[in-house]
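Understanding the architecture of this molecule
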Amino acid sequence: AQSVTQLGSHVSVSEGALVLLRCNYSSSVPPYLFWYVQYPNQGLQLLLKYTTGATLVKGINGFEAEFKKSETSFHLTKPSAHMSDAAEYFCAVSDQKGQFYFGTGTSLTVIP
Amino acid sequence: EAGVVQSPRYKIIEKKQPVAFWCNPISGHNTLYWYLQNLGQGPELLIRYENEEAVDDSQLPKDRFSAERLKGVDSTLKIQPAELGDSAVYLCASSLEANTEAFFGQGTRLTVV
């Protein structure tokens, strides 16, 4: 079975500071990995995904994530936080059957 | 391209009443998901369809929940009777096929009073 752990349910950063949201997964097979963002009263929007190939993945809004197989991690980063980045972020893993497993989410607060 | 459309956006019902949610996936997407999202939690899968076939409904409480996807396009999720603990956001998502990214609707926020 797959599972996703997001360390830190709440993260606060200053505007312009580095954003780092952590995600670790467990998977018995090579996983597909995703980061989604959710704004209040909205559905989830895909930020980026890793399937195969280059382990550093770039997504929308300046976010990127690196797949590290040895660490079973897929941490999300952004060099400089913007006020509009305040939202809930979900890491997800997909198995070979197409089943998605989501983490419990990290709420990002950006302090002006 | 139109996204995943869900209706209604909000629903308030009394306990023991029935309720239904509707989802129109992105055109051409074969895989459709229904997720339950409690406050402060990640989405949890209720049921997944491949075309009109339910391929994973192990987390669907079948005593009160039912779902259908007629003709492999639109889908409805029904709860009968609703309980207070069913208050949550119900998300529908679709993907072109399994293992490709899922696109989510805005969700239906259900409040059972």
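Preceding this paragraph is the structure being described.
If you're wondering where the values come from, they're calculated on a predicted model, not measured in any experiment.

Some words on the state of the cysteines
Disulfides are covalent bonds that link the sulfur atoms of two cysteine residues. What the rule picks out here adds up to 2 disulfides over all chains. The side chain of A:C23 participates in a disulfide bridge whose partner is A:C91; the two sulfur atoms lie 1.9 Å from each other. Taking the sign of the torsion about the S-S bond as the criterion, the disulfide between A:C23 and A:C91, at about -65°, is left-handed. Within this pair, whereas A:C23 is found in the loop between β3 (19-21) and β4 (24-26), its partner A:C91 is found in strand β10 (residues 87-94), the two being separated by 68 residues in sequence. Across a sulfur-sulfur distance of 1.9 Å, B:C23 and B:C92 are joined as a disulfide pair. Across the disulfide from B:C23 to B:C92, rotation about the S-S bond amounts to roughly -70°, and the bridge is consequently left-handed. Note that B:C23 is positioned in strand β3 (residues 19-24) and B:C92 in strand β9 (residues 88-95), a separation of 69 residues in sequence.

Here we look at the sheet that holds strand β1 (residues 5-7) of chain B
By way of backbone hydrogen bonds, the strands of a sheet pair with one another, either parallel or antiparallel. Residue and element names in this part refer to chain B. The 4 strands are arranged β1-β3-β8-β7 in an open sheet whose pairing can be described as antiparallel. At either end of the open sheet lies a strand with only one pairing partner, and these are β1 and β7 (65-68). Each strand axis lies, on average, 15° off the axis of its neighbour in the sheet, ignoring direction. Relative to strand β8 (residues 75-79), β7 is paired through 4 bridges, and the arrangement is antiparallel. The partner of F65 across the bridge, within β8, is I79.

The rules behind the values
Within each chain, residues carry numbers counting from 1 in the order of the written sequence. Chains carry letters from A onward and ligands carry numbers from 1 onward, assigned in written order. Under the rules for a predicted model, residues below a pLDDT of 70 receive no local features and side-chain atom pairs below 80 are neither given nor counted, while totals for whole chains, interfaces and linings still include all residues. Values reported for side chains reflect all heavy atoms of the structure, with hydrogen atoms and water molecules removed beforehand. Throughout, a disulfide means two cysteine sulfur atoms within 2.5 Å of one another. Strands are runs of DSSP state E lasting at least two residues, helices are runs of H or I lasting at least four, and both sets are numbered from the N terminus onward. Strands are labelled as partners when DSSP assigns at least two bridges between them. Axes, fitted as lines to C-alpha atoms, cover a helix only where it is in contact. Angles between the N-to-C directions of the axes lie from 0 to 180 degrees.

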